[in-house]
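# Chain and residue survey
Chain by chain, the residues run as shown.
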Amino acid sequence: MKKITTMTLLMVSFFAMAQQETIDQKVNSLLKRMTIEEKIGQLNQYTGDNSATGPININPNKQAEIKAGLIGSMLNIIGTKYTRQYQELAMQSRLKIPLLFGQDVIHGYKTTFPIPLAEAASWDLEAIELSARVAAIEASASGIHWTFAPMVDIGRDPRWGRVMEGAGEDTYLGTKIAHARVKGFQGNKLGDLNSVMACVKHFAAYGAAIGGRDYNSVDMSERMLWETYLPPFKAALDAGAATFMNSFNDVNGIPATGNKHLQRDILKGKWNFQGFVVSDWGSIGEMVAHGYSKDLKSAAFSAITAGSDMDMESNAYRYNLAELVKEGKIAIDLIDDAVKRILRKKFELGLFDDPYRYSDTKREEKELNNPENRKTALEVAKKSIVLLKNENETLPLSKNLKTIAFIGPMVKEYKANMGFWAVDLPEVNYDKWIVSQWDGLQNKVGKNTKLLYAKGCEVDGDNKDGFAEALTTAKQADVVILSIGERHDMSGEAKSRSDIHLPGVQEDLVKAIMATGKPVVVLINSGRPLVFNWTADNAPAILYTWWLGTEAGNAIADVLFGDYNPSGKLPMTFPREVGQIPIYYNHFSTGRPPADENAKGYVSSYIDLKNSPKFPFGYGLSYTKFDYSGLKLSSTKIKSNENIKVSFQLSNIGKVTGEEVVQLYLQDKFGSVVRPVLELKDFQKVKLDAGESKTIAFTIDKEKLSFYNNKLEWIAEPGDFELMIGASSADIKLKADFELVD
Ligand code: NOJ
């Protein structure tokens, strides 16, 4: 049996190699037939005319340029009808090289899934992979070959609007999610009709923009880059990611797009990445505004030299590369290498065999927004909700309530549930595509429960005219549910905010409703951690519902009435005030740590605020309670080639089935460089029935103890470690010390 398996494996890899050779041979022979203009054309990507995801350049010649073989890829052309039309133009070109269609399929396609930050709150890697899988199935059925996702930028600053698009602040969780998303998008292999190429972005360190202001500079040590920001990219690469996107920001003074160190030395050098790198929208041209390149030509030179293969919307390559070659400033080999990387992917996708293979209208009709996909979206949405507070068991609500008042600017919203980076839906009949929170609640309650509605106020602005109606409505109800937060366009690209308090007069609305004395449940819809201290301190029950997508209304209703027991945990720290930002749980130990929360004077603290966050990383409640006990370590002294088996008992001591995300943190107590106060190194999401107990096991190995020293070596240093098992980064239930002896 073993022999056959080995034999089979050998044969499979032989055929895979043979096939790869064939693709390489095909690429080489095609390359030989290409003029320099056609080669450069492959490196050129334009947006379609109907929608723009960046500052648009009007170019009336696009269609003629496609026919002339001067464009290799388009973005923002979706649907089999349009992708077919454009592909037909490419088929009129001399060499008939098919176009690649790229799109920001960030959280679902026509079936919208929760925003990535919300999905990260599920800590459920299978669910996250499945969400990407469904997105790929729908997008590929709609003519798309390539998604500009996952975004794997670590986000430690909630002012930065793009935290909504990533997996939060933690590197370990980020690597796991990056891997899951790439697997989901790419499926079994590229070339399967239901797979799309992933594009890991933004390489690199975009999330560390100074002040949380989008597109701003990044200044960071090489050690921080390697330890905190690069691992999710590496994990995505290891999962087989076909492409990378570079980023708008400069890193230590060199724009990422023209950054040779990042793209050539690390990505294509040390990591041996064989796919291609696309620039971000206009980022080659933006090197002129950065003051790094004196004109578009020198920007083209820097980008291609640094390893940027495809130019998205800058027109820098199209008009300058040929001249640069002619002048002997760049070798044709550099262009050939970029072209080969792109052509290889087109062959792998099977586009040379059939350029229309992703343009099947029947498949498109069958796949988009179908009941099966919506069912998955509902499951993922439920798992993404985080229960922040639940005093006096306000939740779950009884199904026998006579009157519920559903109040707030989000209640009857459709689009707000989709969030930023959702693929456009036809503006008419949104209700076909999205379950509003109002509809979700109506689907849930029986005939004996009366639902009342008042808007109360807008999301922003200072108008309180609607308060009176909201109060009258609240007074008639047994329970008030208040749905507030950010509109879909308040977090996302170019949506940095200096003030992340609940916008407008919404918190005043909470205060007014609370004054009625009615039990109040607050739903906070948002693309980022917000500050809402009064609500957090006074409302008895709070669910953080992010932007949950197509099935938002049903998912929220399931959680409100206990048909699903919330299991989400925060993937980002929630600050008390903007002044604490950047705030993240795995900060370094300082020389003057405050002895406690209130310690002041010559310690590392604020004189006007605690250091601790409002809600910590990893935090989230359940309708049941979990008990942690009986921590055992197989050894408390190990050599670096040995492991420690860690185990403990997790018990559901409440009354209902629930899921707990158990988190394993480590602290390296002394290091040759200062170490974080604690770091997530493993986790499991465990489902237990009421009264059930389970032994949970983890393994600690050298990898978990390692870090980058100041020579950038990945090493585990002998010494003392603390192991912590917690329900969040601030709720450590079990602890033990151990030692690494060599
Ligand atoms: C700019 C964004 O930064 C990037 O993430 C996106 O993929 C492109 N625009 C294309 O829309």
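Here the residue numbering is sequential within each chain, running from 1 through the sequence in written order. Predicted model: local features are reported for residues with pLDDT of at least 70 only, side-chain atom pairs are reported and counted for 80 or more only, and whole-chain, interface and lining totals are derived from all residues. Side-chain metrics rest on all non-hydrogen atoms present in the structure, leaving aside hydrogens and water.

- Naming follows an unreviewed UniProt entry, where the protein appears as Periplasmic beta-glucosidase of Flavobacterium cheongpyeongense.
- Taken from UniProt, the Subcellular location (unreviewed entry) comment for the protein reads in full: "Periplasm".
- UniProt positions are given in the numbering used here, feature names are shortened, and annotations may be inferred rather than shown by experiment. The UniProt entry for the protein carries the following text under Sequence similarities (unreviewed entry): "Belongs to the glycosyl hydrolase 3 family."

### Here's the deal with the overall build of the protein
- Of the regular secondary structure elements, the protein holds 23 helices and 26 strands.
- In this setup the radius of gyration rests on C-alpha atoms only. A globule is expected at 2.2 Å times the number of residues raised to 0.38. Expected size for 742 residues packed as a compact globule is a radius of gyration near 27 Å; at 27 Å, the protein falls within 12% of this value.
- Overall size of the protein, expressed as C-alpha extent along the three principal axes, is 75 × 65 × 60 Å.
- Expressed as a percentage of the 742 residues in the protein, the buried residues total 60%.
- A separation threshold of at least 6 residues defines the contact pool for the protein, and within that pool the share at least 24 residues apart is 78%.
- Throughout, the Shrake-Rupley method with a 1.4 Å probe supplies accessible areas, and for residues the shown protein chains are the sole cover considered. Within the structure as shown, the protein displays about 28700 Å² of accessible surface, and the carbon and sulfur contribution to it stands at 51%.
- In this charge count, Lys and Arg are treated as positive and Asp and Glu as negative; neither His nor the chain ends contribute. Here the site of a charge means NZ on Lys, CZ on Arg, CG on Asp, or CD on Glu. In the protein, 88 positive and 92 negative side-chain charges are present, and the distance between their average locations comes to 3 Å. Numbering of helices and strands runs from the N terminus, with a helix taken as a DSSP run of H or I at least four residues long and a strand as a DSSP run of E at least two residues long. Summary of the burial criterion: residues with accessible area below 20% of their type's maximum are buried, those above 50% are exposed, and those between are partly exposed, where the area comes from a 1.4 Å probe applied to protein chains only. Here a residue-residue contact requires only that any non-hydrogen atoms of the pair lie within 4.5 Å.

### A short note on the packing of aromatic side chains
- Note on aromatic pairs: the rings of Phe, Tyr and Trp (six-membered ring only in Trp) are paired at centre separations within 6.5 Å, and the planes decide the class, stacked below 30 degrees, edge-to-face beyond 60, tilted for the rest. For the structure on display, the rule yields 33 aromatic pairs.
- Centroid distance W226 to W271: 6.1 Å. Interplanar angle 85°. Geometry classified as edge-to-face. With a gap of 45 residues between them, W226 in helix α8 (residues 222-229) and W271 in the loop between α10 (260-270) and β9 (276-278) connect regions that are remote in the sequence.
- With relative accessibility at 12%, the residue W271 sits in the buried group.
- With a centroid separation of 6.0 Å and 20° between ring planes, the pair formed by F532 and Y544 is classed as stacked. You can see F532 sitting in the loop between β15 (520-525) and α21 (533-538) and its partner Y544 sitting in strand β16 (residues 541-544), a full 12 residues away along the chain. Grouping residues by exposure puts F532 and Y544 together as buried.
- Of note, K110 hangs over the ring of Y109, and the distance from its end group to the ring centre comes to 5.9 Å.
- Charge-over-ring placement is defined geometrically: NZ (Lys) or CZ (Arg) within 6 Å of the ring centre, and within 35 degrees of the ring normal. The cationic tip of K412 hangs over the ring face of Y453; the distance from NZ or CZ to the ring centre is 4.4 Å.

### Considering the site of the ligand
- One heavy atom within 4 Å of a molecule or strand is enough for the residue carrying it to be called near that molecule or strand. Inspection of the region around the ligand gives 13 residues, with T53, D104, R162, H202 and D280 positioned closest.
- Whenever two N or O atoms come within 3.5 Å, that pair is a polar contact, provided that in protein one can donate a hydrogen and the other can accept it, and provided that, for residues adjacent in sequence, both atoms are side-chain atoms. One nitrogen or oxygen atom from the side chain of D104 is found 2.4 Å from an oxygen atom belonging to the ligand.
- Separating an oxygen atom of the ligand from a side-chain N or O atom of K201 is a distance of 2.8 Å.
- The protein chains hide 100% of the 300 Å² of surface that the ligand would expose on its own.
- The residue classification treats Ala, Val, Leu, Ile, Met, Phe, Trp, Tyr, Cys and Pro as nonpolar and Asp, Glu, Lys and Arg as charged. All others, Gly included, are polar. Its residues assigned to classes, the shell around the ligand shows six nonpolar, two polar and five charged.

### Notes on the UniProt feature "domain: Fibronectin type III-like" (unreviewed entry) in the protein
- Residues annotated in UniProt with the feature "domain: Fibronectin type III-like" (unreviewed entry) correspond here to residues 660-729.
- Counted over residues 660-729, helix gives 6% and strand 59%. Its end C-alpha atoms are 14 Å apart.

### Description of the nonpolar core
- Working definition of a nonpolar core: buried Ala, Val, Leu, Ile, Met, Phe, Trp, Tyr and Cys residues. They are joined through side-chain atoms within 4.5 Å. Residues F203, F244, L321, I407, F532 and W546 are the most contacted members of the largest nonpolar core, which totals 140 residues.
- Here F532 is in contact with L388, L502, E507, I524, I542, Y544, F574 and F615, once residues within four sequence places are set aside.
- One finds W438, L451, A555 and Y623 within the second-largest nonpolar core, a separate group that totals 30 residues.

### Some points on the pattern of salt bridges
- Salt bridge, as applied in this entry: a Lys or Arg side-chain nitrogen positioned within 4 Å of an Asp or Glu carboxyl oxygen. Scanning all chains against the criterion turns up 46 salt bridges.
- Here K260 makes a salt bridge to D265, at a shortest N to O gap of 3.8 Å.
- What emerges from the salt-bridge pattern is a single network uniting E379, K382, K399, K444, D558 and D563.

### So, α8
- With six of eight residues buried, α8 is to be regarded as a mostly interior element.
- Turning to α8, its buried residues are R223, L225, W226, E227, T228 and Y229.
- Contacts from the buried residues of α8 go to α7 (171-186), α9 (231-238), α10, β21 (679-688) and β23 (707-708).

### Examining the pairing of strand β20 (residues 658-668)
- Along β20, 11 of the 11 residues are buried, which leaves the element largely enclosed by surrounding structure.
- Taking every second residue as pointing to the same face, both faces of β20 are buried, with G658, E660, V662, L664, L666 and D668 on one and E659, V661, Q663, Y665 and Q667 on the other.
- Should DSSP find at least two bridges between two strands, the strands are taken to pair. Relative to β21, β20 runs antiparallel, the two sharing nine bridges. Within the sheet, the bridge partner assigned to Q663 lies in β21 and is F683.
- Note: β20 against strand β25 (residues 719-728), six bridges, orientation antiparallel.

### Here's the deal with the sheet that holds β21
- Pairing is mixed across the open sheet formed by five strands, whose spatial order is β18-β26-β25-β20-β21. The open sheet is flanked by β18 (637-638) and β21, the only strands paired with a single partner.

### Concerning the domain arrangement of the protein
- Under the domain assignment used here, the protein contains domain 1 (1-33), domain 2 (214-330), domain 3 (376-580) and domain 4 (626-740).
- For domain 2 versus domain 3, the distance between C-alpha centres works out to 40 Å. All domain edges in this entry derive from an automatic or database-based domain assignment.

### A look at the packing of helix α12 (residues 296-306) against helix α13 (residues 316-326)
- In this description, a line fitted to the C-alpha atoms serves as the axis of each element, helices being fitted only across the stretch in contact, and the angle between N-to-C directions of two axes falls anywhere from 0 to 180 degrees. Contact pair α12 / α13: the axes reach a minimum separation of 9 Å and the direction vectors enclose 80°. Overall, the two elements α12 and α13 adopt an arrangement that is roughly perpendicular. Mapping the contact onto sequence places L296, K297, A300, F301, A303 and I304 in α12 and A316, Y317, N320, L321, E323 and L324 in α13.
- Within the contact of α12 with α13, the residues separate by chemical class into nine nonpolar, one polar and two charged. Between 65 and 115 degrees an angle is taken as roughly perpendicular, under 35 as roughly parallel, over 145 as roughly antiparallel, and anywhere else as oblique.

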